Amino acid sequence: MTKYTMSVKEFLEESRKGNINFLDFAAALLEETQKLNKKFQLLREICDIRDRLYLNPPLNGLPISVKDCICVKGVQSYAGSKILEGYIPTFDATCVDRLKDNGVTILGKTNQDEFGFGTFSTNSGFEVPKNPLDPLRSCGGSSGGAAGLVAALDYPHVALAQSTGGSISAPAAFCGVVGITPTYGLVSRYGLIDYANSLDKIGVIGKSVHDVALILSIISGKDEKDQTSIGEKKDYSKDLSSTKDLKGVKIAVPKEYFQNLEEEVEKEVWNAIKKMESNGATYEKVSLKNTKYGVAAYYIIATAEASTNLAKYCGMRYGMHGKLEGNFNEYFSTVRTSGLTEEAKRRIILGTFTRMAGYRDAYYLKAMKIRTLIIEEHKNIFKKFDVIASPSMPIQPPKFKEIKKLTPVENYQMDFLTIPANLAGMPHLSVPVAKKTPIGLHLTADHLSEDKLFKIGSVFEKVR
Ligand code: GLN
């Protein structure tokens, strides 16, 4: 406990009243962050906070960390990859720009899987973050450092994160914190180092539903720098406390999401659904038949896009450079061989293969058709229901030595619960079933229905 151990709400109140001495606060925050980082390896870069205090209202200097793949002007961005060594963005991502305008303290860049390629943050070119709930276990991925820092830091803090196929929900669940992955397009991707453009979303991880709703309100909405961005400005955190129960809320529980689960996860998530029922919600079991194709379709689409995105890291433009030797292909191969991890190479090969002439129809186009079916299936569910409920992850955080034993396919399979909503571009919220418990209740809603998720999530937080 320090004098700055307080919630985001308390911090906003205190700083608004002028009760925070920011130089003292920044020094204490820096010291605490460095201490935690030694223990858990959550951040790749820690900023000199005193140079990164933006004290304007309404956030009045609230500490924010930024996932390494989101650009902050003047701060080295690796996106978890050695190949970006030396890349210092000359501009801010739109979400960072909006947060600065609204007054935040930028703490640093959090550790992640290389370019987001992973479920456990173990596929990184650098340090692997350790779970503050148990350092022998994974934080989840790919936004592992972000979720870990939220869990570890007792100071008011919210983390900017990113998901392509589950990278916000998985680490939020494993670290016992809250994560919102918004509708595709709701947050501008300008300044995000891309993994797979048709799937990437920037979202938020925090200690409570209120905290993530507050930050989403600031970073969301149309941005002329990203043509895929959508949505109006909305204050998602405003009416949260006025929703007292779940009367009238209809929950769909897909039977395919309750297969191959660790026993404890299944039990706890059913308890959570029953708790929502005793608070006025009703639930019905449904079927999402295409769930079984989700993982295969996702890994074809995501790697097809990633393999083209990564072509720009050729040792000539961004980041790492090598000794200029041989012809272009030889030079390109030398830089990429030393700059990328094994998992990135696997994905480049897989993604290049599935969109090659001759294989395109059999793999890539088929995967795109599955994606359309998954979207339609979800749209149908939301004609009748408000949300889909499931676990966020099929297991509790595994130990690092257990992760080492997984084959790539076994590893990919761990994402079967988060992939459908990500393929469908639908917003989803992971809330711990109990405070600081590494099991997440996963709630998915229709496009642009984030407010529904926050209302249901915040009632659940009170009654769990
Ligand atoms: N685990 C998934 C993958 O490796 C999702 C990662 C993400 O959302 N960035 O692709």
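Coordinates for the structure precede this section.
Since this is a predicted model, take the numbers as computed values, not measurements.

Parameters and conventions
- Residues numbered from 1 in each chain as written.
- Predicted model: local features only at pLDDT ≥ 70, side-chain atom pairs only at ≥ 80, totals over all residues.
- Heavy atoms only, no water.
- Helix = DSSP H or I, 4+ residues; strand = E, 2+ residues; numbered from the N terminus.
- 1 Å grid on protein atoms, 1.4 Å probe; cavity = no way out; pocket = protein on both sides within 12 Å on 5 of 7 lines; lining within 4 Å.
- Points joined across faces, edges and corners; volume = space filled by probe spheres on them.
- Expected span 1.5 Å × (residues − 1).
- Buried < 20%, exposed > 50% of the residue type's maximum accessible area, 1.4 Å probe, protein only.
- Arc of directions from axis to C-beta.
- Contact = heavy atoms within 4.5 Å.
- Near = heavy atom within 4 Å.
- Polar contact = N/O pair within 3.5 Å; in protein donor to acceptor, adjacent residues only side chain to side chain.
- Areas by Shrake-Rupley, 256 points an atom, 1.4 Å probe, with all protein chains shown as cover.
- Sits in = over half its atoms within 2 Å of the grid points.
- Nonpolar A, V, L, I, M, F, W, Y, C, P; charged D, E, K, R; others polar.

A. Structural view of unusual backbone geometry. Pro57 connects to Pro58 through a cis peptide bond whose omega is 5 degrees. For Pro58, the location among the structural elements is in the loop between strand E1 (43-46) and strand E2 (62-67). In this chain, Gly141 is followed by Ser142 through a cis amide linkage whose omega measures 5 degrees. Its identity as a non-glycine residue notwithstanding, Ser121 has a phi of 60 degrees, on the positive side. Checked against the element boundaries, Ser121 lands in the loop between strand E3 (104-110) and strand E4 (130-131). The phi torsion at Asn260 lies on the positive side, around 55 degrees, for a residue other than glycine. Tracing the backbone shows Asn260 in the loop between strand E9 (250-254) and helix H7 (263-278).

B. Spatial organisation of empty space enclosed by the protein. Counted according to the given criterion, the structure contains one cavity of 30 Å³ or more. As a volume, the largest cavity reaches approximately 70 Å³. Considering the residues around the largest cavity, the lining is formed by 14 residues, among which Gly118, Gly165, Gly166, Ser167 and Tyr298 are closest to the centre.

C. Looking closely at H7. Taking 1.5 Å per residue, 16 residues should reach 22 Å; H7 reaches 23 Å between its end C-alpha atoms and fits that length. Val265, Val269, Trp270, Ala272, Ile273 and Met276 are the residues of H7 that are buried. Along the long axis of H7, the arc covered by the buried residues comes to 155 degrees, so they all point the same way. For H7, the exposed residues set more than 90 degrees away from the buried face come down to Glu263 and Ser278. Against E9, strand E10 (282-286), strand E11 (387-391), strand E13 (440-444) and helix H15 (450-463) lie the buried residues of H7.

D. Representation of the site of the ligand in the model. Lining the immediate surroundings of the ligand are 15 residues, of which Thr164, Gly165, Ser167, Tyr195 and Tyr298 lie closest. Gly166 places a main-chain nitrogen or oxygen 3.2 Å from an oxygen atom of the ligand. Alone, the ligand offers 300 Å² of accessible surface; in the complex the protein occludes 99% of this. Taken atom by atom, the bulk of the ligand overlaps the largest cavity. Class assignment for the residues of the shell around the ligand results in four nonpolar, nine polar and two charged.

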